[in-house]
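If you want the building blocks of each chain, they are given just below.
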Amino acid sequence: QVQLVESGGGSVQAGGSLRLSCEHSGGYAFNWYCMGWFRQAPGKERERVATIDRHGNTAYADSVKGRFTISKDSTRNTLYLHMNSLRPEDVAIYYCAANPTVSCPGPSVTFAFWGQGTQVTVSS
């Protein structure tokens, strides 16, 4: 029912910026969901990057805190991830995810719905 489509990935030089977008459709109203960004780098497990709940409360992985910003535009049903000061270690496929809960799930709980992913590459 829920569909999530990521866009905005690409290749940048170290220190550069990208903005990822995730268009949400189907399911409940957009603001009923906890939304999150995850990433999976080659040879590594999936990592939770950032989340934002229905009230706009955000949480970030330590590895991106201060560099990445998660936000959403409810009028467009779109989630964003602004990524600044990108590093080679940020290279990964980035996934948008949604969970129909009032608060965002704990770190051990998987999200219910996932996008197809978008590639981010950073050259040093």
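So, here's what we can say about the structure. (Residues numbered from 1 in each chain as written. Predicted model: local features only at pLDDT ≥ 70, side-chain atom pairs only at ≥ 80, totals over all residues. Heavy atoms only, no water.)

The next thing to look at is the overall build of the chain. A tally of regular secondary structure across the chain gives zero helices and eleven strands. Reading the helices (α) and strands (β) of the chain from amino to carboxyl end gives β-β-β-β-β-β-β-β-β-β-β. Here the C-alpha atoms of the chain give a radius of gyration of 13 Å, agreeing with the 14 Å that 2.2 N^0.38 yields for 124 residues. Evaluated residue by residue, the chain yields a buried proportion of 40% over its 124 residues. (Helix = DSSP H or I, 4+ residues; strand = E, 2+ residues; numbered from the N terminus. Rg over C-alpha atoms; globule rule 2.2 N^0.38 Å. Buried < 20%, exposed > 50% of the residue type's maximum accessible area, 1.4 Å probe, protein only.)

In this section: the environment of C96. Following the sequence through the fold, C96 ends up in strand β9 (residues 92-99). We classify C96 as buried; its relative accessible area is 0%. Separated by 61 residues in sequence, C96 and M35 have C-alpha atoms that sit 7.4 Å apart. For C96, the residues in contact, after removing those within four places along its chain, are L4, E6, C22, M35, G36, W37, L79, F113, W114 and G115. (Contact = heavy atoms within 4.5 Å.)

One non-glycine residue with positive phi stands out, namely N77, at about 50°. Its location among the elements puts N77 in the loop between β7 (68-73) and β8 (78-83). Judged by relative accessible area, which is 30%, N77 ranks as partly exposed. Notably, S85 is not glycine yet its phi reads approximately 50°, a positive angle. Owing to a relative accessible area of 41%, S85 belongs among the partly exposed residues under this scheme.

Let's shift gears to the nonpolar core. Generally speaking, soluble globular proteins have nonpolar side chains that are buried together. One finds M35, W37, L81, M83 and Y94 to be the most contacted residues of the largest nonpolar core, which totals 28 residues. The set of elements that each furnish at least two residues to this core consists of β3 (18-25), β4 (34-40), β5 (47-52), β7, β8, β9 and β11 (118-123). When residues in this core are grouped by element, the largest group, four residues, is from β9. (Core = buried A, V, L, I, M, F, W, Y, C linked by side-chain atoms within 4.5 Å.)

Below, the discussion takes up the packing of aromatic side chains. A complete count under the given rule lists six aromatic pairs for this structure. On the numbers, 5.0 Å between centres and 75° between planes, the contact of F38 with F111 is edge-to-face. Here F38 is found in strand β4, whereas its partner F111 is found in the loop between β9 and β10 (113-114), with 73 residues between them in sequence. Here F38 matches F111 in class, with each residue buried. (Phe/Tyr/Trp six-rings, centres within 6.5 Å; stacked < 30°, edge-to-face > 60°.)

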